[in-house]
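# Fold and geometry: a report
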Amino acid sequence: MNYLVPFILITFCFALWGFANDITNPMVKAFSKIFKMSVTEGSLVQMAFYGGYFVMAVPAALFIRRYSYKAGVLMGLGLYATGALLFFPAKTTGNYYPFLAAYFIMTCGLSFLETSCNPFILSMGSEETATRRLNFAQCFNPIGSLMGMFVAMNFIQAKLNPMSSQERMLLPDQEFEALKESDLSVLITPYLGIALVIIVMLLVIAIAKIPRDEVNSRNISALRSVKKALVRPKYRYGVIAQFFYVGAQIMCWTFIIQYGTRIFMGEGMPEKEAEVMSQGYNIIAMVLFVSSRFISTFFMKYFQPSKLLAIFAIGGCLLTLGVIFFQNRMGLYCLVGVSACMSLMFPTIYGIALKGMGEEAKFGAAGLIMAILGGSVLPPLQAMVIDRHELFGMPAVNVSFVLPFICFVVVFLYGRYSMRTDS
């Protein structure tokens, strides 16, 4: 069976949800300014975002089991487009909470996409090359992320009114409403644009000749599927490893700004310039992540995926120790280097955990997508450490990277366990 066209179309979806992830990150600060809110209220954007992932993973798995992977992809694209289009009526209300509803619906679509596309890619060919195939498809996810970062920086952040939150507080109500209207128009434009792209993609996949996977699992009990998945240690431990990996990824990418800003300000640089330069290092980290994912996918032709996972996790641990103990640019270089080690982790854990599950992979995928919750649970813990300013005679931001270090230890243990069980 020729999977080339389906593989290309489904792989493009990986870039689409990467775009959504990284255009959303700067919106916490943007909404806080536009609506004169606290950072805590603005951070509800991330809660709505991860909430959609978590809530919809199991319903998505049940839907896919009842119908097919292709149906799951189409449902995901439909919800993604619907959520993005809802930014327009949300803007007309002039209120914050309709935007949260739009984000939630959009990420329900992303949950459908990830629950469908990852195991769909695994099913497109032999099981021996499944993890390498998923790693290759996942290479296009950070490419979409880079596009999202570029659009957020150049078409949202750069075009929003530069007036500070304090200055906005002093504006008369009429002037503030006019400013809010202008900024919201800027903010929603990229979302409406991506909605059109998604609709086109939905139509292309709907009419494309994509093999429909067998649906003979529709009568299998969901409860029985859960029990069968959980009795498999490699799957059960894989969900745990994925939770900690996603937490490490979000922590390393979120707090690179704080880490770099402290270093550059210590060198005498003004805060605004230090933040801009730190963001530049964040982009370098993402480019390194993309490059390393392609390279690691190539090496999977010659090395066992679980072995590579363990090796890269050791690299992550060593570099994170550098992040903790160096208090100069060397620590920042180590933090950028961590992205190279993280590159293969998500798809490799995913592929190892679902290997040999057959039809049960449709439901098993839900647990691995729900593990993305680690990205919302662990970063606040790191933020609490950073807020202490200094611990054990060291900058608290350095000490806070003990948490990602622990996460990489968990990933290493999973890779090591998988190596032993594969041999």
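Data block above holds the structure.
This text gives an overview of the structure that appears in the document. Just so you know, the residues in each chain are numbered from 1, in the order the chain's sequence is written. It should be noted that, the model being predicted, local features are given only for residues of pLDDT at least 70 and side-chain atom pairs only at 80 or more, the latter also being counted only at that level, while totals for whole chains, interfaces and linings use all residues. Excluding hydrogens and water, the side-chain figures rest on all heavy atoms present in the structure.

## Regarding the side chain of Glu114
Rules: In this description a helix means any DSSP run of H or I spanning at least four residues, a strand means any run of E spanning at least two, and both kinds are numbered starting from the N terminus. Whether a residue is buried, partly exposed or exposed follows from its accessible area with a 1.4 Å probe, protein chains only, as a fraction of its type maximum: under 20%, in between, or over 50%, in that order. In this tally Asp and Glu are treated as negative and Lys and Arg as positive; neither His nor the chain ends contributes. For salt bridges, the criterion is a side-chain nitrogen of Lys or Arg within 4 Å of an Asp or Glu carboxyl oxygen. Two residues qualify as a contact provided that any one of their heavy atoms is within 4.5 Å of a heavy atom in the partner residue.
Structurally, Glu114 is set in helix H7 (residues 97–123). Arg293 provides the closest opposite charge to the buried, unpaired Glu114, separated from it by 9.2 Å. Discounting residues that sit within four places of it in the chain, Glu114 has contacts with Trp17, Tyr53, Pro119, Phe346, Tyr350, Ile369 and Ile372.

## Notes on the environment of Leu110
With respect to the helices and strands, Leu110 occurs in helix H7. Residues within four places of Leu110 in sequence aside, it is in contact with Trp17, Ala20, Phe49, Tyr53 and Tyr80.

## Let's talk about a nonpolar patch on the surface
Using the following cut-off: Excluding any residue in a salt bridge, patches collect residues exceeding 30% relative accessible area, merging like charges within 9 Å and nonpolar Val, Leu, Ile, Met, Phe, Trp and Tyr side chains within 5 Å. Residue-level accessible areas treat just the shown protein chains as cover; the underlying method is Shrake-Rupley with a 1.4 Å probe.
Taken together, the side chains of Ile295, Phe298, Phe299, Tyr302 and Phe303 define a hydrophobic patch exposed on the protein surface, amounting to about 520 Å² of accessible area. Mapped onto the elements, Phe303 comes out in the loop between helix H15 (271–299) and helix H16 (305–325).

## Side note on helix H5 (residues 69–85)
As a reminder, the rule being used: The span you would expect from a helix comes to 1.5 Å times its residue count less one.
Relative to the 24 Å expected for 17 residues at 1.5 Å per residue, H5 spans 24 Å between its end C-alpha atoms, a close match to the ideal helical length. All buried positions along H5 are accounted for by Tyr69, Lys70, Ala71, Gly72, Val73, Gly76, Leu77, Tyr80, Ala81, Gly83 and Ala84.

## A few points about the packing of aromatic side chains
Condition: Geometry of aromatic contacts follows a simple scheme: Phe, Tyr and Trp rings, the Trp one being its six-membered ring, pair when their centres are within 6.5 Å, and the pair is stacked under 30 degrees between planes, edge-to-face over 60, tilted otherwise.
Going through the model one piece at a time under the given rule, you end up with 30 aromatic pairs. A ring pair is formed by Phe7 and Phe136, whose centres lie 6.1 Å apart and whose planes are at 20 degrees; its orientation type is stacked. Of this pair, Phe7 sits in helix H1 (residues 4–24) while Phe136 sits in helix H8 (residues 130–138); the two residues are 129 residues apart in sequence, bridging distant segments of the chain. The buried category is assigned to Phe7, whose relative accessible area is 14%. A ring pair is formed by Phe299 and Phe303, whose centres lie 6.2 Å apart and whose planes are at 55 degrees; its orientation type is tilted. Residue classification places Phe303 among the partly exposed residues on the basis of a relative accessible area of 39%.

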